[in-house]
Amino acid sequence: MIQKMNTIQFDINLLVRDNVKGLKPYSSARDEYVSDGTDMVFLDANENPYDNGVNRYPDPQQRNLKAVLANQKGVSAHNILLGNGSDEVLDLLFRAFCEPKLDNIITLPPTYGMYKVLANINNIEEREILLTENFQPNVKSILQATDVNSKIIFLCSPNNPTGNSFSEEHILQILESFKGLVVIDEAYIDFSDKNSWIAKIKEYPNLVITQTLSKAYGLAGIRLGLCYGSEEIIGVLNKIKPPYNVNELTQKRALERVLDIDQVTSEVSSILNERANLVKELAKLEFVNKIYQTDANFVLVKVDDANLRYDQLLEKGVVVRNRSTQPLCQNTLRFTVGTQDENIKLIEVLKNI
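Quick look at the structure, then.

So, on to the sheet that holds strand β13 (residues 332-336). Sheet strands associate in pairs through backbone hydrogen bonding, adopting either a parallel or an antiparallel arrangement. Pairing is antiparallel across the open sheet formed by four strands, whose spatial order is β10-β11-β13-β12. The open sheet has two edge strands, β10 (288-291) and β12 (321-322), and neither has a second partner.

Right under this line is the structure:
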C-alpha cells in the first residue's frame, strides 16, 4: 500500500522482510474460535478443564483491553499492538522490518540503551548520531546518515536519560523526509505537557508510537508495552508476535488500571508536584552545576563528581543512577521522582554529604 506524505511516498512493502511477507502466522485455538460470552464447553485447546482462574489460554488479541485503550486514545483497536513490555514491541519491529547483516537503524545517543542491544541481537547495523548540545536531534546529520537500507529511526521523546522532549519541528522534518519507519518512544509522555504523536498516525503512515504501563500507570511488574501505528504496520507485527505473548493476569491487571484513569491522573499530578519541589531543592546544592529541563518522572543533574556523589548516596541508603558513561552526560546523576517522604530523605542526605 502506497500513501503519499508531504514530501515522500511511503510503501510498507519495501520495508517488510521477504520471509515475513510470505509468512503464514500460527493460528491458535483462541484465534479460530472467539467467544462471544455464550456458555460453551471448550474442548479445543488441550487445556486442563478444572477452573482455577488461569487454566484457559488468554485472549491472543487482548480485545477487552484494546477496546478501552482505543477509546481513550481516539484510535481503532486495529491500530494497537500489545507486547510483553515495550522491549518485545521494539524487538518485533526489528524482526519484521530489518534484514540481518543488510539493514541499519539510526539512534540518537544519549538515549534508551535497548535500541543498541536489540540491534546487536538481531544483527542489524546501528548508526549513532549524537544529539546536539541541547539534546535535540541533529536532523541534517540524521538524514545524511540514512541510505536505502535504513529501515528505522528511533526517537525517544521525552528522552531517557536527558528528560527533555524533542521539538515538533525536528520530528516533522524527519517524518516528512525519511522513507522508513520513525518510531517515537513515548514511555514518559504522561509526565509531559506535550501532546502524544498518536493523533498523527493517520497523517503519517511511517509513524509508530510506543508507550508503556510501567511508568505513569505504575505497572512495571506486569510488563505491558503498547504500540500504535497504521493497520498495515500493526498487521505485520501481529503476523510474527507469539500467539499468547500477553498473559491472562497481565491483561486483567492492566484493564483494571486503565479503567481507573482518575487514580492514574492523581498520581501523575503528585509526581509532577514532587518533581517541581525536587528541582527547587537541588538548585540550592553547591555541588550541583546544572539541572536539565525535564518532561519525565526523573531529573538529570550535572554535579561536580558523579562517582563520588553516587557512592556517598549509596552509603546513606539512597540509590540513584549514574549516567556519566553516556555521551554528553559526563558527571551526571539521574534522580527518579519518588514519594514525598522519599524525596525529603534524598534532599536531607544530599545536604549532608
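So, next bit.
Here the focus is the packing of helix α4 (residues 85-97) against helix α5 (residues 114-121). Where α4 meets α5, the axes come as close as 10 Å, and the angle between the chain directions of the two elements is 45°. Classed by the angle they form, the pair α4 and α5 counts as oblique. Between α4 and α5 lies a crossing of right-handed hand. For the pair α4 and α5, contact is made by Asp87, Leu90, Asp91 and Phe94 and by Met114, Tyr115, Leu118 and Ala119, respectively. For the contact of α4 with α5, a count of residues per class yields six nonpolar, no polar and two charged.

Relative to the helices and strands, valine 236 resides in helix α8 (residues 231-240). With 144 residues separating them along the chain, valine 236 and leucine 92 place their C-alpha atoms 9.4 Å apart. Leave out the neighbours within four places in its chain, and valine 236 touches Ile12, Val16, Val20, Ala96 and Phe97.

A word on the packing of aromatic side chains. Each aromatic ring pair is described using two quantities: the centre-to-centre distance and the angle formed by the ring planes. Tallied over the entire structure, the rule returns seven aromatic pairs. Each ring, one from phenylalanine 135 and one from tyrosine 292, has its centre 5.2 Å from the other, and the planes form 50°; the classification is tilted. Taken together, the residues phenylalanine 135 in the loop between β5 (125-128) and α6 (139-145) and tyrosine 292 in the loop between β10 and β11 (298-303) connect sequence positions 157 residues apart. With relative accessibility at 11%, the residue tyrosine 292 sits in the buried group. The structure contains a cluster of three or more aromatic residues connected by ring pairs, namely Phe94, Tyr112, Tyr115 and Phe154. Positioned above the aromatic ring of phenylalanine 298, the side-chain terminus of arginine 334 is 5.4 Å from the ring centre.

The rules we used
Residues numbered from 1 in each chain as written. Predicted model: local features only at pLDDT ≥ 70, side-chain atom pairs only at ≥ 80, totals over all residues. Heavy atoms only, no water. Pairing = 2+ DSSP bridges. Helix = DSSP H or I, 4+ residues; strand = E, 2+ residues; numbered from the N terminus. Axes fitted to C-alpha atoms, helices over the stretch in contact; angles between N-to-C directions. Parallel < 35°, antiparallel > 145°, perpendicular 65-115°, else oblique. Left-handed = near helix turned anticlockwise from the far one by under 90°. Contact = heavy atoms within 4.5 Å. Nonpolar A, V, L, I, M, F, W, Y, C, P; charged D, E, K, R; others polar. Phe/Tyr/Trp six-rings, centres within 6.5 Å; stacked < 30°, edge-to-face > 60°. Buried < 20%, exposed > 50% of the residue type's maximum accessible area, 1.4 Å probe, protein only. Lys NZ or Arg CZ within 6 Å of the ring centre and 35° of its normal.

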